[in-house]
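Here is how the chains run, residue by residue.
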Amino acid sequence: MFHALSFVASLLAFSLPLAYAATADQWRGRSIYQVLIDRYALPEGADPTQCAPGDRTWCGGTWNTLRQNLDYIQNAGFTAVWISPVSQNYEGPTTPYGDAYHGYWIADATKLNSRFGTSDDLKALSNELHRRGMYLMVDVVVNDVMATSITPDLSTYMFKDKSQYHPYCVIDWSNTTSEEQCWLGDTVVPLPDINTEDPTVVSAYGDWIQSLVQEYSIDGLRIDAAKHVNIDFWPVFCGKAGIFCIGEVFGSDIDDAALYQGPNSLDSILQYPMYTALLDAFTIPGPQNISAVSDMIAQSQAKFKDPTLLGNFIENQDIPRWANLSVDPQSLYNAMVFNFMTDGIPIVYYGQEQGFSGNSDPYNREAMWPSGYANTTTYQLISTLNEFRNFLVNNTQWATSPTQVLTTSQYGIATLKGDVVSIMTNIGSPPQNISIPVYTPYPASAALTNVLTCQQWAVGSNGTIDAQYTLGGVPIVLYPSNLLQNSGLCGNSAPATGSTKFVSSAIPVRHPVVPFSVVFSSCLLGFLFLFL
């Protein structure tokens, strides 16, 4: 009997790494709220006045405080949360650039960051998100570790052998090999570059990410500094993870960016080329160059493998807040409507909905709690956009339908995606006696609804719509009125669940995909206990 049981135990051990796989296709329909753990919510009893971004130190947010404050995110309609890295960070004296509150100064990737909580705390966060039907995306740093000199003590890192790092060199930004192998940072806080061509590194990283994903039921990975790693590393790494991977490829060059999406690289990247175009088109003051957006739509569809998987954003922890760059709130609303209603996965950086206006790092990493998590105009706009987008994702083929440009002018752009006509303008808040004529595929007199205001629109002759701006430059999102049934929007009945909030098509509580061999082994084990 002992030998038989040993055999079954071995079979079970072989089979039991369980799959918690969220595919790229499942992520396409999600909308993401990005959180810096240290800055989102405080534990009870903490001092809410001690978090000046310029101090660049810890403020006290944890995985538990995020878990306890998820209602604010879910009530805005978000279906996924992206959190800052969970790995152990530098724990030494404060550097001239502050402390590692942000989570990106990696020490040992295989250990958790105790500042943010325990293993059980991270599991509790993951479980609570899944109970709500939401996905968990975790930021990971693979390219480098953090040091305080260019000759660091390697014994404290995951990789302890000198051969597992590239030799120190200063990056030549005109040379791809240099970008991949030389060190980010500087001589004050250098970031030793890990040798991701080394087979021992590739193997160890693969084992680590597979274990991390399975242990904490992670649904997606955001990969920091993806273009600073040799591109052939990513299919192996993400293959071991078994989940959706979206990478940071910083820069406006679309030809460079497009290399990083596809079967030989990553599932997706953050859409920095489109972010640059949105700045050119919508910021006030700014170039007001709407053609930058229409051109980027065309280039994205021609050069990316799948634009519907790209990450759409206008803020994150590495760039100035939108309100720091543009003085008019309507410019924010129009750019956000574009990101939600065209190809890609919308991403909102915490505080964007509260009008935060910090400049570059560290001032764009404000504490969230002074806002009171208010129900602002921007929060309400996001809630409506998410509710509408979630309805479209769950009931139509909208998410996979490519964006079409209906018209462009110096004042704005109109797009069609699925049955949705979106009209975005760059004129700003002051009323102006101008209009944007839009030719739609709808017949004359067809009834449309502006889902942002619930105003009824009638299509004119030849399918025309005339967007008037006598009340200022507001965005417009039009949808056939008869198709809004069961959307919960504009007086229409809510979904069958009776809730106007999005009901995820994902299983509310995550259950592992159990291989047949596990089921067979369990039955065999029961048989042996009965008869041996």
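Refer to the structure above for everything that follows.
Residues numbered from 1 in each chain as written. Predicted model: local features only at pLDDT ≥ 70, side-chain atom pairs only at ≥ 80, totals over all residues. Heavy atoms only, no water.

Novice: Residues and numbers for the packing of aromatic side chains, please.
Specialist: Taken as a whole, this structure holds 26 aromatic pairs when the rule is applied. Taking the centre distance of 6.0 Å and the plane angle of 65 degrees together, the rings of Trp63 and Phe116 count as edge-to-face. With Trp63 in helix α4 (residues 63-67) and Phe116 in the loop between β2 (80-83) and α6 (119-131), the pair connects residues that are 53 residues apart, well separated along the chain. Where Tyr272 meets Tyr275, the ring centres are 6.2 Å apart and the plane angle is 85 degrees; that geometry is what we call edge-to-face. (Phe/Tyr/Trp six-rings, centres within 6.5 Å; stacked < 30°, edge-to-face > 60°. Helix = DSSP H or I, 4+ residues; strand = E, 2+ residues; numbered from the N terminus.)

Novice: Go over unusual backbone geometry, please, and point to the residues and values.
Specialist: Leave glycine aside and you will find that most residues have negative phi; peptide bonds, for their part, are mostly trans. The omega angle of the peptide bond from Ile284 to Pro285 is 0 degrees, so this bond is cis rather than trans. Mapped onto the elements, Pro285 comes out in the loop between α11 (272-282) and α12 (291-303). Geometrically, the link from Asp361 to Pro362 is a cis peptide bond, its omega value of 10 degrees lying close to zero. Checked against the element boundaries, Pro362 lands in the loop between β10 (345-349) and α15 (377-395). Positioned with a positive phi, Tyr373 is a non-glycine residue whose angle comes to about 50 degrees. For Tyr373, the position within the fold is in the loop between β10 and α15. Judged by its relative accessible area of 23%, Tyr373 falls in the partly exposed class. (Buried < 20%, exposed > 50% of the residue type's maximum accessible area, 1.4 Å probe, protein only.)

Novice: Which residues make up the layout of surface pockets, and what values do they have?
Specialist: To find the voids left in a structure, one rolls a probe of water-molecule size over its atoms. Approximately 840 Å³ is the volume attributed to the largest pocket. Together, 29 residues line the largest pocket, and Leu184, Gly185, Leu191, Asp318 and Asp361 are the ones closest to its centre. In the lining of the largest pocket, the residues fall into 16 nonpolar, four polar and nine charged. (1 Å grid on protein atoms, 1.4 Å probe; cavity = no way out; pocket = protein on both sides within 12 Å on 5 of 7 lines; lining within 4 Å. Points joined across faces, edges and corners; volume = space filled by probe spheres on them. Nonpolar A, V, L, I, M, F, W, Y, C, P; charged D, E, K, R; others polar.)

Novice: Residues and numbers for empty space enclosed by the protein, please.
Specialist: Tallied over the full model, the rule gives two cavities of 30 Å³ or more. Approximately 100 Å³ is the volume attributed to the largest cavity. Every residue lining the largest cavity is counted, 13 residues in all, and those nearest its centre are Gln271, Met274, Ser300, Thr342 and Asp343. Breaking the lining of the largest cavity down by element, the ones donating at least two residues are α12 and α14 (329-341). Among the elements that make up the lining of the largest cavity, the one with the highest residue count is α12 (three residues). Broken down by class, the residue content of the lining of the largest cavity amounts to five nonpolar, seven polar and one charged. Roughly 40 Å³ of internal volume is contained in the second largest cavity. Every residue lining the second largest cavity is listed: Ile106, Ala109, Val141, Asp144, Val145, Tyr157, Met158, Phe159, Tyr165, Ile194 and Tyr205. In terms of residue class, the lining of the second largest cavity is built from ten nonpolar, no polar and one charged.

Novice: Give a detailed account of a nonpolar patch on the surface, specifying residues and quantitative values.
Specialist: Residues Ile150, Tyr168 and Val170 make up a contiguous nonpolar surface patch of roughly 270 Å² in combined accessible area. Summarising the element assignment, Tyr168 is placed in the loop between β3 (135-141) and α7 (176-181). (Patch = residues over 30% accessible without salt bridge, like charges linked within 9 Å, V, L, I, M, F, W, Y side chains within 5 Å. Areas by Shrake-Rupley, 256 points an atom, 1.4 Å probe, with all protein chains shown as cover. Salt bridge = Lys/Arg side-chain N within 4 Å of Asp/Glu carboxyl O.)

Novice: Can you break down the packing of α14 against α15 residue by residue, with the values?
Specialist: Helix-helix packing: each pair is described by the crossing angle between the helix axes and the interaxial distance. Running from N to C, α14 and α15 point in directions that differ by 20 degrees, and their axes come no closer than 11 Å. Considering their axes alone, α14 and α15 lie roughly parallel with respect to each other. Judged by the twist between their axes, the crossing of α14 over α15 is right-handed. The segment α14 lies against α15, with Leu332, Tyr333, Met336, Val337, Phe340 and Met341 engaging Thr377, Thr378, Leu381, Ile382, Leu385, Asn386, Phe388 and Arg389. (Axes fitted to C-alpha atoms, helices over the stretch in contact; angles between N-to-C directions. Parallel < 35°, antiparallel > 145°, perpendicular 65-115°, else oblique. Left-handed = near helix turned anticlockwise from the far one by under 90°. Contact = heavy atoms within 4.5 Å.)

Novice: Describe the sheet that holds strand β1 (residues 32-35), and please don't skip the residues or the numbers.
Specialist: The strands that make up a sheet pair up through hydrogen bonds in the backbone, lying either parallel or antiparallel. Ordered by their spatial adjacency, eight strands build an open sheet running β8-β7-β6-β3-β2-β1-β10-β9, and the pairing between neighbours is parallel. Every other strand in the sheet has two partners, leaving β8 (268-269) and β9 (311-312) as the edge strands with one partner each. Examined bridge by bridge, β1 and β10 share three bridges and lie parallel to one another. Looking across to β10, one finds that Gln34 is bridged to Tyr349. (Pairing = 2+ DSSP bridges.)

Novice: Tell me about the environment of Asn75, and name the residues and values.
Specialist: Secondary-structure assignment places Asn75 in helix α5 (residues 71-75). The exposure class assigned to Asn75 is partly exposed, which follows from its relative accessible area of 38%. Taking C-alpha positions, Asn75 is 9.7 Å from Glu387, a pair spaced 312 residues apart along the chain.

Novice: Explain the state of the cysteines to me, and be specific about the residues and the numbers.
Specialist: Under the definition given, this model contains four disulfides. Paired by a disulfide, Cys454 and Cys490 hold their sulfur atoms 2.2 Å apart. On the sign convention where negative is left-handed, the bridge of Cys454 and Cys490, at about -85 degrees about the S-S bond, is left-handed. Of the two residues, Cys454 is situated in the loop between β15 (447-450) and β16 (455-458) and Cys490 in the loop between β18 (476-480) and α16 (516-531); the sequence distance between them amounts to 36 residues. The connectivity of the disulfide-linked cysteines in the protein chain, indexed sequentially, is 1-2, 3-4, 5-6, 7-8. (Disulfide = S-S within 2.5 Å.)

Keep in mind these values describe shape, not function.
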